[in-house]
Each structure stands twice: as structure tokens, then as C-alpha cells.
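Analysis of the macromolecular model
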Amino acid sequence: MASIFHHKIIMRKHIYLILTKEENDLLDEIIHSAGFTTRSGYIAAVAKTTLYGLNTGEWIEKIRKLATDKNRTEAVFFALLSELAFPAIAMKGSKIALEALIEELKSEMYNRTGIVPETSDLERLAGEYETLYRPELLAYRTETRTRTYLEENP
């Protein structure tokens, strides 16, 4: 009895790349910055652009631009957090600071980059900022609380 269901057969093949550690790290950074969750997904996309006659060179340039834009956006947002939100993050945490300053940060992101990232992306980045700058934030918090205590208790 013939089946009325047709199944696509997906073949798994392994591809091995010989890259230096630096090249490997850069490739992973580009892949993830461009929105791919896995290296396999990216390699499959490269293969499909070739198979279906797309201009692979143009496609890769678009991927590199996405990655560059994402990295630039993150760098600008981290700079904005340092300029506008550092004291608030140090004293109240990134979540509360972001809630209080979100519109100002979005406006300034637009002024500096021409785009406004999703709020969820800004929340994620603010959390990363808080982790990366933890020593500086803790030092600021300690100094501020000590100064306040000394002012209130001369």
C-alpha cells in the first residue's frame, strides 16, 4: 500500500573548517551578530545561496553589515549607559534604570545610529552592561553611600 504522505529526506553531512582560533572567534561573532543561532544554520544558508543562484558575495556582505551594525549599536548603547544611566544603574540596577530612562535612551540611540532597537534588546544589553561593569558600579555605589552617610553623620 503506497503512503499518501511524502517525506523530505534530510541528509546530514559534516563540514570541517580549518581556521585559526581568532578566525573561528570572529566567524562565530559575525554569525551570531547577524542573527543565526548556530554555525550550521549559517553554513546551510551559504550553501543555499550558492545552490539557488543568489549572489553569494552580496549575501555575505549583507551578513557582515548586519554584524557590524549590531556591534556598533551595542557599542553606542553601552556608551549611552555610561553617559546617562551609570549612577542609576549603580544605585538601583539596570532594570529600574532602564524603565526610568528608556525614552531618553531610545531617542539618543536614534540620534546617534539612525535606528531604535527593540526594548527587549535594550533590556538584554543593559543587563550585560551591568554584568560587565559590575566592579565600577559597585565602587560607585559604595562611594556614594559612604559619602551620604558622612554627610548625614558629621
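Residues numbered from 1 in each chain as written. Predicted model: local features only at pLDDT ≥ 70, side-chain atom pairs only at ≥ 80, totals over all residues. Heavy atoms only, no water.

**Quick notes on the packing of aromatic side chains**
Scanning the entire structure with this criterion turns up seven aromatic pairs. Both rings, one in Phe36 and one in Tyr42, keep their centres 5.4 Å apart while their planes meet at 85 degrees; by these two values the pair is edge-to-face. Ring pairing ties together the aromatic residues Phe36, Tyr42 and Trp59, which thus form one cluster. (Phe/Tyr/Trp six-rings, centres within 6.5 Å; stacked < 30°, edge-to-face > 60°.)

**Concerning the packing of helix α2 (residues 39-51) against helix α3 (residues 56-92)**
Running from N to C, α2 and α3 cross one another at 150 degrees; their axes reach a closest spacing of 9 Å. Here α2 contributes Tyr42, Ala45, Val46, Thr49 and Thr50 to the contact with α3, which in turn contributes Thr56, Trp59, Ile60 and Ile63. (Axes fitted to C-alpha atoms, helices over the stretch in contact; angles between N-to-C directions. Helix = DSSP H or I, 4+ residues; strand = E, 2+ residues; numbered from the N terminus. Contact = heavy atoms within 4.5 Å.)

**Observations concerning a nonpolar patch on the surface**
Among the surface-exposed residues, Ile15, Leu17 and Leu19 lie close enough to one another that they form a single nonpolar patch of about 280 Å² accessible area. With respect to the helices and strands, Ile15 occurs in the segment before α1 (21-33). Given a relative accessible area of 58%, Ile15 falls into the exposed group. (Patch = residues over 30% accessible without salt bridge, like charges linked within 9 Å, V, L, I, M, F, W, Y side chains within 5 Å. Areas by Shrake-Rupley, 256 points an atom, 1.4 Å probe, with all protein chains shown as cover. Salt bridge = Lys/Arg side-chain N within 4 Å of Asp/Glu carboxyl O. Buried < 20%, exposed > 50% of the residue type's maximum accessible area, 1.4 Å probe, protein only.)

**Some words on helix α4 (residues 94-113)**
Here α4 spans only 22 Å end to end across 20 residues, well under the 28 Å set by a 1.5 Å rise per residue. The sharpest bend along α4 measures roughly 70 degrees and falls at Leu101. What α4 keeps buried is the set Ser94, Ala97, Leu98, Leu101, Ile102, Leu105, Lys106, Met109 and Thr113. Its buried side turned inward, α4 meets α3 and α5 (119-132). One or two steps after α4, the chain reaches Gly114, where phi turns positive at roughly 85 degrees. (Expected span 1.5 Å × (residues − 1). Bend = angle between axes of the 7 residues up to and from the residue.)

**Remarks on the nonpolar core**
Judged by nonpolar contacts, the single largest core of 20 residues is most densely connected at Phe77, Leu81, Ile89, Leu98, Leu105 and Tyr129. Those elements that provide at least two residues to this core are α3, α4 and α5. In terms of residues, this core owes the most to one element, α3, which gives nine residues. Beyond its immediate stretch of four places on either side in the chain, Leu105 contacts Phe77, Leu80, Leu81, Leu84 and Leu98. If you look at the next biggest cluster of nonpolar residues, it comprises 10 residues, including Ile30, Ile31, Ala45 and Ala67. (Core = buried A, V, L, I, M, F, W, Y, C linked by side-chain atoms within 4.5 Å.)

**Let's talk about the pattern of salt bridges**
Within this structure, the stated rule accounts for eight salt bridges. Asp69 is the partner of Lys65 in a salt bridge, and the nearest nitrogen-oxygen pair spans 2.7 Å. Of the two residues, Lys65 and Asp69 are both situated in helix α3; the distance of four residues between them amounts to about one turn of the helix. On the basis of relative accessibility, which here comes to 33%, the residue Asp69 falls in the partly exposed class. Between Arg124 and Glu74 there is a salt bridge, with the nearest N and O atoms lying 4.0 Å from each other. Of this pair, Arg124 sits in helix α5 while Glu74 sits in helix α3, and the two are 50 residues apart along the sequence. The partly exposed category is assigned to Arg124, whose relative accessible area is 36%.

**Focus: α5**
In this model α5 runs 20 Å from its N-terminal to its C-terminal C-alpha over 14 residues, within 8% of the 20 Å that 1.5 Å per residue would give. Those residues of α5 that sit buried are Leu122, Leu125, Ala126, Tyr129 and Glu130. Projected onto a plane normal to the axis of α5, the buried residues spread over an arc of 145 degrees and lie on a single side. The exposed set on the far side of α5, more than 90 degrees from its buried face, consists of Thr131 and Leu132. (Arc of directions from axis to C-beta.)

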